[in-house]
Amino acid sequence: MAADLSFGSVPPIYREIYDIVCPNQEQVDRDMFVNLLVKSSLPKITLMQIWDAVDNKTGFLSRTGLYKALALTALAQQGKAINDKLLESYSDSELPKPVLGDLSDLKSLSLRVRRNKNPNILGYTYQELLELDTVDVNLVPEKKGIILKHVEYEVTSQKYKTTVLRRYTDFVVFYDLLIQRYPYRLIPRLPPKKMNTSREFIEHRRKCLKRFVVLVVRHPVMADDRLLKFFLTFNGSDMHHKIKDHFRGMPDEFMTNDNSINSKDLVPMDTQLQLSNAKEHIRVLYRSVNVLKEIANRMVLRSTGYASDMLSLGKELRY
């Protein structure tokens, strides 16, 4: 079994790389490790030798195992052989630093690999969610309309560098399309529409609309949807009709998801047996509840009759 790193001091770039590929302090899986070492531009056979030198036969690397791999990568880039003993010469000095190019794309790569491994865990930090987009919803001071006045909102997106005007009906259509697109997700609700023109109500609804848009633009999946981009960038007239026409017939998320191809494989093999057992348990429970109901009804009738008899007895004893 390969031994973890036990020589030399760790340079800051090692910790930076570990924090990128393992933001939750978990172990490094083989796929993430391979994608990381590809950035070193070393030959494939060299990468395999580095993996063999640090592989502990579990398919994962610990923090020190990753550090050792980075040190061996740096030595290989210097033209040296992959040998653990070379690291002993760094017992009193800092370990060599590998050249891995720009690390900015490594964060998105790490996120993509972790999400493919476990789609139920998105892997975003709070700061990363904030960076998805920043939007603002402000009230346009002057009401529009000749006879029936209506309120418009100015929606600004930092991500798309746009400012567009939206009516409440535009938000409603956008919300309905989101429900169709993501029927299995919790979509934040819109504030209700009321024929109320008071300043307090309008300001409260503005805040609610802003909260709605913020939750959508910072959702890890909806943030990249074409529907959201259209809502934040379309600057023409008749918005609520244009967005409906543009996204009419759009399939829901499941139909366009990679997991839908293998959805049948995700269903447990004993699902039918579990369903049959559950139905039988429900039938037994239903019968038991009905029996308890009948017993309770008879007890009520007996108690009512007993109370009536006691009342009659008391009246007779009075005379």
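Residues numbered from 1 in each chain as written. Predicted model: local features only at pLDDT ≥ 70, side-chain atom pairs only at ≥ 80, totals over all residues. Heavy atoms only, no water.

Looking at the overall build of the protein
Then, in step 1: The helix and strand tally for the protein stands at 12 helices and 5 strands.
Then, in step 2: Per-residue burial for the protein yields a buried fraction of 34% across its 319 residues.
Then, in step 3: Here the contacts in the protein between residues at least 6 apart in sequence split such that 60% fall between residues at least 24 apart.
Then, in step 4: On the protein, roughly 21,000 Å² of surface is accessible, and the fraction owed to carbon and sulfur atoms is 56%. (Helix = DSSP H or I, 4+ residues; strand = E, 2+ residues; numbered from the N terminus. Buried < 20%, exposed > 50% of the residue type's maximum accessible area, 1.4 Å probe, protein only. Contact = heavy atoms within 4.5 Å. Areas by Shrake-Rupley, 256 points an atom, 1.4 Å probe, with all protein chains shown as cover.)

Concerning the nonpolar core
Then, in step 1: Judged by nonpolar contacts, the single largest core of 35 residues is most densely connected at Phe171, Phe174, Leu178, Phe212, Val213, Leu227 and Ile243.
Then, in step 2: Sorting the residues of this core by element identifies strand E3 (135-139), strand E4 (152-157), helix H7 (168-181), helix H8 (199-217), helix H9 (226-233) and helix H10 (239-246) as the ones contributing at least two each.
Then, in step 3: Looking at which element gives the most residues to this core, the answer is H8, with 8 residues.
Then, in step 4: In this view, isoleucine 243 contacts Val173, Phe174, Leu177, Leu227, Phe230 and Phe231; residues no more than four positions away in its chain are not counted.
Then, in step 5: Judged by nonpolar contacts, the second largest core, of 33 residues, contains Cys22, Ala53, Leu61 and Leu109. (Core = buried A, V, L, I, M, F, W, Y, C linked by side-chain atoms within 4.5 Å.)

Looking at a nonpolar patch on the surface
Then, in step 1: A cluster of nonpolar residues, Val291, Leu292, Ile295 and Met299, forms a patch on the protein surface that exposes about 360 Å² of accessible area.
Then, in step 2: Among the structural elements, valine 291 can be located in helix H12 (residues 271-318). (Patch = residues over 30% accessible without salt bridge, like charges linked within 9 Å, V, L, I, M, F, W, Y side chains within 5 Å. Salt bridge = Lys/Arg side-chain N within 4 Å of Asp/Glu carboxyl O.)

Description of helix H1 (residues 12-21)
Then, in step 1: Of all the residues in H1, the buried ones are Tyr14, Ile17, Tyr18, Ile20 and Val21. The arc that holds the buried residues of H1, viewed along the axis, is 160°, so those residues lie on one side. (Arc of directions from axis to C-beta.)

Quick look at the sheet that holds E4
Then, in step 1: Ordered by their spatial adjacency, 3 strands build an open sheet running E3-E4-E5, and the pairing between neighbours is antiparallel. The open sheet is flanked by E3 and strand E5 (162-167), the only strands paired with a single partner. Each neighbouring strand pair of the sheet contributes to a mean axis angle of 25°, computed without reference to strand direction.
Then, in step 2: Where E4 lies against E5, 6 bridges are found, and the strand directions are antiparallel. Counted as the bridge partner of tyrosine 153 is arginine 166 from E5.
Then, in step 3: Sheet strands in contact with H8 are E3 and E4, and its direction is about 160° off that of E3. (Pairing = 2+ DSSP bridges. Axes fitted to C-alpha atoms, helices over the stretch in contact; angles between N-to-C directions.)

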